[in-house]
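These are the residues of each chain, in order.
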Amino acid sequence: MTTLDMEQKFQERIDAEERIEPKDWMPEKYRQTLIRQISQHAHSEIVGMLPEGNWITRAPNLRRKTALLAKVQDEAGHGLYLYAAAETLGISRDEMISQLHSGEAKYSNIFNYPTLTWADMGTIGWLVDGAAIMNQVPLCRCSYGPYARAMVRVCKEESFHQRQGFELLLTLSKGTKEQREMLQESVNRFWWPSMMMFGPSDTDSPHTAQSMKWKIKRFTNDELRQKFVDVCAEQAKTLNITLPDPDLKWNEERGHYDFGAIDWDEFWRVVKGDGPCNRERLGARVRAHEEGAWVREAATAFAAKEAQRRQVAELREAV
Ligand code: 3HC
């Protein structure tokens, strides 16, 4: 069978909604696309812990602190889950980590913005996790088995993240004038970067068409962005806030909200490393990795000792 025949057969499996598993034959490009997307997704989860971790010690009460702690711990778990899914494609954890630390790999633009007020904890839950859910629910039907299965668990926890964020903002929206102003100011800062989370427009996305064909993606970037806007525009009314887009208005004919132009220069500037917090975020990750080297060494030494102990026990048994 030629490679062309195998690719043809592979596409027939995808079209028949079959799940691709690690041991199945797959086009090298399919493998590379998944390694790229899943590892960057994992990096986003791990780096995403930093903006929120910044507020754990400053939460206004124990209930808010425990919810935020639980959320940040969940993000760590999502990252490890996704690194494990990526490893099934033949890339090592060390390789992925060094791609992140060298700047070769990307992580979501949104985590390069500072979290300046407590309201940002709610806005991240509402908008960032809201956008993540919009994007991750279809990934539960991704053609690659390990990624789809990881997403099922991640999405369950993501909905708690979004819910606790929205509830935090709802509390602020019923609070003092200062609290309502803090809420509006936070949404003003995070609205547009959240819209950018879905990636470049479909016409500028180099990967979307192929990822749709391989059913890695079930919706395009613009389709998910539109769903996000339609949901948030309605939820903003409950929070009694104004989304910072003068062009946002319901279009009866389209059955969707129209919205203003996204500043793609800002998007690419941040993605390419020149956002408000890029250096700080990457620096924090590199430092944590270096300071955690002793834990990895201890775990490796323990595993080697355990393997040796088991070997001796097996030899004793055998004689
Ligand atoms: N931030 C940084 N880079 C982005 C980006 C973003 N928001 N959106 C797109 N890019 C990059 C892509 O990685 C790609 O660069 P690369 O070729 O070097 O990887 C380039 O821009 C072109 O974008 P495409 O849309 O063509 O690329 P994709 O087909 O990969 O689509 C994506 C981008 C929609 C983000 C897709 O990768 C995806 O769905 N990833 C899985 C979900 C994910 O990673 N979400 C990130 C947030 S996780 C999160 O929010 C956790 C929550 O718990 C807080």
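Because the structure is a prediction, the values reported are computed rather than measured. (Residues numbered from 1 in each chain as written. Predicted model: local features only at pLDDT ≥ 70, side-chain atom pairs only at ≥ 80, totals over all residues. Heavy atoms only, no water.)

1. With respect to the overall build of the protein
Alright, step 1. When helices and strands are counted, the protein shows 13 helices and 2 strands.
Alright, step 2. For the protein, whose C-alpha radius of gyration is 22 Å, the value lies close to the compact-globule estimate of 20 Å for 319 residues.
Alright, step 3. Considered along the principal axes of its C-alpha atoms, the protein spans approximately 80 × 50 × 30 Å.
Alright, step 4. Per element, the accessible surface of the protein, about 16,500 Å² overall, is 56% carbon and sulfur.
Alright, step 5. Taking the average location of the 43 positive side-chain charges in the protein and that of its 47 negative ones, the two points are 4 Å from each other. (Helix = DSSP H or I, 4+ residues; strand = E, 2+ residues; numbered from the N terminus. Rg over C-alpha atoms; globule rule 2.2 N^0.38 Å. Areas by Shrake-Rupley, 256 points an atom, 1.4 Å probe, with all protein chains shown as cover. Lys, Arg positive; Asp, Glu negative; His and termini not counted. Charge placed at Lys NZ, Arg CZ, Asp CG, Glu CD.)

2. As for the site of the ligand
Alright, step 1. Taken together, 32 residues lie around the ligand, and E75, K106, S205, H207 and N221 are the ones closest in.
Alright, step 2. In the model, an oxygen atom of the ligand is placed 3.3 Å from a nitrogen or oxygen of the E45 side chain.
Alright, step 3. Between the ligand and K106 there is a distance of 2.6 Å, counted from an oxygen atom to a side-chain nitrogen or oxygen.
Alright, step 4. Surface burial for the ligand is 91%, taken as the share of its 1,000 Å² of free accessible area covered by protein chains.
Alright, step 5. For the shell around the ligand, the leading source of residues is helix α2 (residues 28-47), giving 6 residues.
Alright, step 6. Of the residues that constitute the shell around the ligand, the class distribution is 14 nonpolar, 11 polar and 7 charged. (Near = heavy atom within 4 Å. Polar contact = N/O pair within 3.5 Å; in protein donor to acceptor, adjacent residues only side chain to side chain. Nonpolar A, V, L, I, M, F, W, Y, C, P; charged D, E, K, R; others polar.)

3. Notes on the packing of aromatic side chains
Alright, step 1. Applying the stated criterion across every chain yields a total of 10 aromatic pairs.
Alright, step 2. For the pair Y30 and W214, a centre-to-centre distance of 5.5 Å together with 90° between the ring planes defines the contact as edge-to-face. Taken together, the residues Y30 in helix α2 and W214 in the loop between α9 (208-213) and α10 (221-239) connect sequence positions 184 residues apart.
Alright, step 3. Aromatic rings pair up to connect F10, W25, Y30 and W214 into one cluster.
Alright, step 4. Positioned over the ring face of W55 is R58, at 4.0 Å from the centre of the ring. (Phe/Tyr/Trp six-rings, centres within 6.5 Å; stacked < 30°, edge-to-face > 60°. Lys NZ or Arg CZ within 6 Å of the ring centre and 35° of its normal.)

4. A word on unusual backbone geometry
Alright, step 1. At K215, a position not held by glycine, the phi torsion is positive, near 55°.
Alright, step 2. By the secondary structure assignment, K215 is in the loop between α9 and α10.
Alright, step 3. Overall, K215 belongs to the buried group, its relative accessible area being 18%.
Alright, step 4. Of note in the backbone geometry, N240 takes a positive phi value of approximately 60° without being a glycine. (Buried < 20%, exposed > 50% of the residue type's maximum accessible area, 1.4 Å probe, protein only.)

5. Quick look at helix α4 (residues 62-87)
Alright, step 1. Taking 1.5 Å of rise per residue, the 26 residues of α4 would be expected to cover 38 Å, and the 38 Å separating its terminal C-alpha atoms lies within 8% of that figure.
Alright, step 2. If you check the start of α4, you find a side-chain oxygen 3.1 Å away from the backbone N of R63, and it comes from N61. (Expected span 1.5 Å × (residues − 1).)

6. Some details on the packing of helix α6 (residues 119-139) against α10
A pair of packed helices is captured by two measures, namely the crossing angle of their axes and the spacing between those axes.
Alright, step 1. The contact between α6 and α10 brings their axes to 10 Å, and the two run at 145°. Of the two possible hands of crossing, α6 and α10 adopt the one that is right-handed. The segment α6 lies against α10, with W126, L127, G130, A131, M134, N135 and P138 engaging L224, K227, F228, V231, C232, Q235, A236 and L239.
Alright, step 2. Residue composition of the contact of α6 with α10, grouped by class: 11 nonpolar, 3 polar and 1 charged. (Axes fitted to C-alpha atoms, helices over the stretch in contact; angles between N-to-C directions. Left-handed = near helix turned anticlockwise from the far one by under 90°. Contact = heavy atoms within 4.5 Å.)

7. Section: the side chain of E45
Alright, step 1. Looking at the element boundaries, E45 is found in helix α2.
Alright, step 2. The side chain of E45 sits in the buried core without any salt bridge; K71 is the nearest counter-charge, 7.3 Å away.
Alright, step 3. Once you skip the residues sitting within four places of it in the chain, E45 turns out to touch E75, H78, G79, L82, Q136, V154 and E158. (Salt bridge = Lys/Arg side-chain N within 4 Å of Asp/Glu carboxyl O.)

8. A closer look at the nonpolar core
Alright, step 1. Counting 76 residues, the largest nonpolar core has Y30, W126 and Y144 as its most contacted members.
Alright, step 2. The element contributing the most residues to this core is helix α7 (residues 145-173), with 10 residues.
Alright, step 3. If near-sequence neighbours (up to four positions away) are discounted, W126 is found in contact with Q162, G165, F166, L169, V187, C232, Q235, A236, L239, I241 and L243. (Core = buried A, V, L, I, M, F, W, Y, C linked by side-chain atoms within 4.5 Å.)

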